[in-house]
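# Structure at a glance
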Amino acid sequence: MQQAASTVFPPKLTLYYSPKACSLASHIALEESRLPYEAVSVDIRAGENVGPDYLKINPGGIVPALVAGDAVITESQAILAYIADLAPESGLMPRPGTRVRAKAHEWMNWISSSLHVTYRSIFRPQAYAGESPDAIAAVREHAGKKLAKMLVEIERRLGDAPYALGEDFSVVDAYLFVFYLWSFDERIQAELPERPRYAALAARVWARDAVRVAVTRERAVRAYELPPQFASDPVTEK
Ligand SMILES: N[C@@H](CCC(=O)N[C@@H](CS)C(=O)NCC(=O)O)C(=O)O
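Let me sum up the structure you'll find in this document. No experiment lies behind these values; they were computed from the predicted model shown.

## Some points on the overall build of the chain
Secondary structure assignment for the chain yields ten helices and four strands. Counting helices and strands in the order they occur from the N terminus, the chain gives β-α-β-α-β-β-α-α-α-α-α-α-α-α. Rg of the C-alpha trace for the chain: 18 Å, near the compact-globule value of 18 Å for 238 residues, within the 12% margin. Projected onto its principal axes, the C-alpha coordinates of the chain cover approximately 65 × 45 × 40 Å. For the chain, with 238 residues in total, the buried portion stands at 50%. Here the contacts in the chain between residues at least 6 apart in sequence split such that 66% fall between residues at least 24 apart. Counting only carbon and sulfur atoms, one obtains 53% of the accessible surface of the chain, whose full area is about 12,100 Å².

Written as structure tokens, this is what we have:
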């Protein structure tokens, strides 16, 4: 008997990502999951996200979008949790019903709703300030100060554990890794605090094969810069 497309498990997965965008977390999660998937680049900097082809897939024009069979899933938190649930043996999220699973959602929601938005205020202040140069400068300056505080908050939240949720790598670490890369962006004018715990976490994440694969694939589309401590790595020098 032939199965209907919507009940095939796992469904055919296609991730739409832009190099170095927040979609890198989903890209890493898919690579970690060992599920079969296709990764399709939609470069935001080239405006491909607002082209007619991509808008047919995600009318919102943002990445990531994960096409899973006949469903289109957006929002990093939803995608990350879904990938983890599709591949439970990969341990990318703690088991449902555990407090540490709630902590995973706490982290992801905070990253999405607070940390990401603060970076956005620096990279695209016009989204909040309109076109007035004074308003743009004010938004950017305020967001820079806010980001500095958030990096201190991340140090506090990380504590002495190797990963965000404790002893084990999870999708939260992949998500945090993206925003660690972003903290070196040249558009940030604010002075940012030292972040030794965050740096150590990022180094642990960077040491993972799946992370190298996803980053190398993205950098083949657009060779984005990596933070100094990763840049001399022979893998990225190719
Ligand atoms: N809340 C969304 C935010 C997604 C988002 O802002 N994506 C950015 C890339 S990091 C994007 O596609 N921007 C294109 C645009 O705003 O035009 C999520 O967490 O997935």
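Having put the structure on the table, let's press on.
## Thoughts on the pairing of strand β4 (residues 71–74)
Pairing geometry for strand β3 (residues 65–68) and β4, over four bridges, is antiparallel. Opposite Ala68, over in β4, you have Ala71 as the bridge partner. Hairpin remark: β3 followed by β4, antiparallel, with two residues in the connecting loop; positive phi at Gly69, about 65°.

## Considering the site of the ligand
The full set close to the ligand counts 15 residues, and Cys22, Val63, Glu75, Ser76 and Arg124 are the nearest of them. A distance of 2.8 Å separates a nitrogen atom of the ligand from a polar atom in the backbone of Val63. Within the backbone of Ser76, an N or O atom sits 2.9 Å from an oxygen atom of the ligand. Burial of the ligand by the protein chains amounts to 84% of its free accessible area of 510 Å². At a threshold of 2 Å from the grid points, most atoms of the ligand map onto the largest pocket.

## Considering the packing of aromatic side chains
Summed over all chains, the structure comprises 15 aromatic pairs. With centroids separated by 5.8 Å and ring planes inclined at 35°, the aromatic side chains of Tyr119 and Phe123 adopt a geometry described as tilted. Of this pair, Tyr119 and Phe123 are both found in helix α4 (residues 99–123), four residues apart, which corresponds to roughly one turn of the helix. Aromatic pair Tyr180 and Phe230: ring centres 6.4 Å apart, planes at 50°, arrangement tilted. You can see Tyr180 sitting in helix α7 (residues 171–182) and its partner Phe230 sitting in helix α10 (residues 228–231), a full 50 residues away along the chain. Taking the relative accessible area as the measure of exposure, Phe230 reaches 2% and is therefore buried. Grouped by ring-pair contacts, the aromatic residues Phe177, Tyr180, Phe184, Tyr198, Trp206 and Phe230 constitute a single cluster. Over the ring of Trp107 we find Arg157; its NZ or CZ atom is 5.8 Å from the centre of that ring.

Calculation criteria
Here the residue numbers are simple positions, counted from 1 along each chain's written sequence. Thresholds applied to this predicted model are a pLDDT of at least 70 for local features of residues and 80 or more for the giving and counting of side-chain atom pairs; totals over whole chains, interfaces and linings are not thresholded and use all residues. Derived side-chain values reflect all non-hydrogen atoms in the structure, with water molecules and hydrogen atoms excluded from consideration. A helix here means a DSSP run of H or I that spans at least four residues, while a strand means a run of E at least two residues long, and both kinds are numbered starting from the N terminus. To get the radius of gyration, use the C-alpha atoms; to get the globule rule, take the number of residues to the power 0.38 and multiply by 2.2 Å. Each residue is assigned to one of three classes by its accessible area relative to the maximum for its type, calculated with a 1.4 Å probe on protein chains only: buried under 20%, partly exposed between the two thresholds, exposed over 50%. Residue contacts are counted whenever heavy atoms from the two residues lie within 4.5 Å of one another. Computed with a 1.4 Å probe, the accessible areas rest on the Shrake-Rupley method; for each residue, only the protein chains presented here act as cover. In this description, strands pair whenever DSSP reports at least two bridges between them. We call a residue near a molecule or strand as soon as one heavy atom of that residue lies within 4 Å of the molecule or strand. Under the rule applied, a polar contact is a pair of N or O atoms within 3.5 Å (in protein, one hydrogen donor and one hydrogen acceptor; residues adjacent in sequence only if both atoms are side-chain atoms). In this analysis the probe radius is 1.4 Å and the grid spacing 1 Å, with only protein atoms considered; a cavity is a set of points the probe fits into but cannot get out of, a pocket is an open set with protein on both sides within 12 Å along at least five of seven lines, and lining residues have an atom within 4 Å of a point. A molecule is said to be in a cavity or pocket once over half of its atoms fall within 2 Å of that pocket's grid points. Two rings from Phe, Tyr or Trp (for Trp, the six-membered ring) form a pair when their centres sit within 6.5 Å of each other. Planes less than 30 degrees apart are called stacked, planes more than 60 degrees apart edge-to-face, and all others tilted. Distance and angle both matter: a charge sits over a ring if NZ of Lys or CZ of Arg is within 6 Å of the ring centre and within 35 degrees of the ring normal.

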